[in-house]
Every structure is written in structure tokens, then in C-alpha cells.
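Each chain is listed here by its residues.
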Amino acid sequence: MCSRILVCLVGLPAAGKTTLVKELSRTLPLNDFNLQHVCYDDIIGKVDHCRDSSVWRRARQEINSKITSLLRSHTTTNNLLVMLDDNFYYRGMRKEIYHIAQAFSCVFGQIVFHIDIETACSTNKNRGESSLVTSETITKMSGLLEPPSEAWEQHV
């Protein structure tokens, strides 16, 4: 039987989320897993959700539609592992993915990257120009990050 797994990568910018996916794509046995990397930054870009909330919401809904299409189209015998590379700092963002996982009988998981603000800001300086995030944004996200604590998040 083929498994479909959705994993939310939760954490501040520069915490290592994308690095983990790249390493997994390099080391996972290709005949066992079809790894799909959905990088929200590549799709949404640098939309400031505080200034452009309707644009940001529409972009996230588009990504959820793409995830749904990906799950619908997965008909191979390989296991599908979808790594959702975003900050997922609001619980509601993760819950949307949880509901998609339920609708498609997927396994749902979260990997939470714990990193302090200073380390995130320092690591961020070593990223490529297109991936840089302001220190102010990292600090703000740190204050907004809602760690997994709800009942639906506890079994993952």
C-alpha cells in the first residue's frame, strides 16, 4: 500500500527548513519515496501579510489548491512525501494542511525547528540575497509563532 505524507516545517526563517528538505531529497531512496518540496517563498514571494492580507490569503489558498491537485494526481506505487516549507507560525495555517491531510487520508506531521532570534538573524545573513529576511521580520515572527499545543497536533 502506498502512503501519502504531508509534513509542515514550522519555524523562523533561516532555521534550516529548506536545508533539511534538500538533504532529504539527496538521501531518500528514490524507489521508496516521491519527495515533493513545496516552498511557499518560491510561490508567494515576499508578500507582507500585514500590508497585503488579501493578496497573501489568496496566494496561500492557491498553494493549498496545488497541494490538493498533487494529492489527487498521485497514482504511482511510490510513497508520496510532501514537505511543506513555510514558517507556519500561526496554528490556523497548519490546521488547513491538517484538514487537507484528513480529506485525502494522508499522514500528517510537523517538524518544529527551535532556534533563537539571534541565531536566526545571524544565519539569515549567510543566505542568498533573494532569501534574506529582515531582522525585524524574524523578531516579529518569533513573537507570533504558536507552537503545536492543540489536541489535533499532539499525535504527530
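Residues numbered from 1 in each chain as written. Predicted model: local features only at pLDDT ≥ 70, side-chain atom pairs only at ≥ 80, totals over all residues. Heavy atoms only, no water.

1. Concerning the pattern of salt bridges
Tallied over the full model, the rule gives six salt bridges. The closest approach of N and O atoms between Glu 146 and Arg 91, which form a salt bridge, is 3.7 Å. Of this pair, Glu 146 sits in the loop between helix H6 (135-144) and helix H7 (151-154) while Arg 91 sits in helix H4 (residues 91-103), placing them 55 residues apart in sequence. For Glu 146, a relative accessible area of 27% puts it in the partly exposed group. A relative accessible area of 17% means that Arg 91 is categorised as buried. For the salt bridge of Glu 153 with Arg 94, the shortest nitrogen-to-oxygen distance reads 2.9 Å. (Salt bridge = Lys/Arg side-chain N within 4 Å of Asp/Glu carboxyl O. Helix = DSSP H or I, 4+ residues; strand = E, 2+ residues; numbered from the N terminus. Buried < 20%, exposed > 50% of the residue type's maximum accessible area, 1.4 Å probe, protein only.)

2. Focus: the packing of aromatic side chains
According to the stated counting rule, one finds five aromatic pairs in the structure shown. Measuring from ring centre to ring centre gives 5.3 Å for Tyr 40 and Phe 88, while their planes differ by 70 degrees; the resulting arrangement is edge-to-face. With Tyr 40 in helix H2 (residues 40-44) and Phe 88 in the loop between strand S3 (79-85) and H4, this residue pair connects regions lying 48 residues apart in the sequence. Of the two residues, Tyr 40 and Phe 88, neither departs from the other in class, the shared state being buried. With centroids separated by 6.1 Å and ring planes inclined at 50 degrees, the aromatic side chains of Phe 108 and Trp 152 adopt a geometry described as tilted. A residue pair is termed long-range when its members are at least 10 positions apart, and Phe 108 in strand S4 (residues 107-113) and Trp 152 in helix H7 qualify at 44 residues. Across the pair, Trp 152 and Phe 108 agree in class, each one buried. (Phe/Tyr/Trp six-rings, centres within 6.5 Å; stacked < 30°, edge-to-face > 60°.)

3. Focus: the packing of helix H3 (residues 53-73) against H4
One can describe the packing of H3 onto H4 by two numbers: an axis separation of 11 Å at closest approach and a directional angle of 25 degrees. Classified by the angle their axes make, H3 and H4 are roughly parallel. Regarding H3 and H4, the two cross each other, and that crossing is right-handed. Residues Trp 56, Arg 60, Asn 64, Ile 67, Thr 68 and Leu 71 of H3 form the contact with H4, whose own contacting residues are Met 93, Glu 96, Ile 97 and Ile 100. Residue classes in the contact of H3 with H4 are distributed as six nonpolar, two polar and two charged. (Axes fitted to C-alpha atoms, helices over the stretch in contact; angles between N-to-C directions. Parallel < 35°, antiparallel > 145°, perpendicular 65-115°, else oblique. Left-handed = near helix turned anticlockwise from the far one by under 90°. Contact = heavy atoms within 4.5 Å. Nonpolar A, V, L, I, M, F, W, Y, C, P; charged D, E, K, R; others polar.)

4. Considerations on unusual backbone geometry
Phi at Ala 14 is positive, roughly 70 degrees, even though this residue is not glycine. Turning to its location among the elements, Ala 14 is positioned in the loop between strand S1 (4-11) and helix H1 (17-27). Despite not being glycine, Phe 88 has its phi angle at roughly 45 degrees, a positive value. Residue Phe 88 is classed as buried on the basis of its relative accessible area, which comes to 0%.

5. Focus: the sheet that holds strand S2 (residues 33-39)
Strand order in the open sheet formed by four strands is S2-S3-S1-S4, with parallel pairing between adjacent strands. Only two strands of the sheet have a single partner each, and these edge strands are S2 and S4. For this sheet, the mean angle separating the axes of adjacent strands, direction not counted, is 20 degrees. Where S1 and S3 come together, six bridges link them in parallel fashion. (Pairing = 2+ DSSP bridges.)

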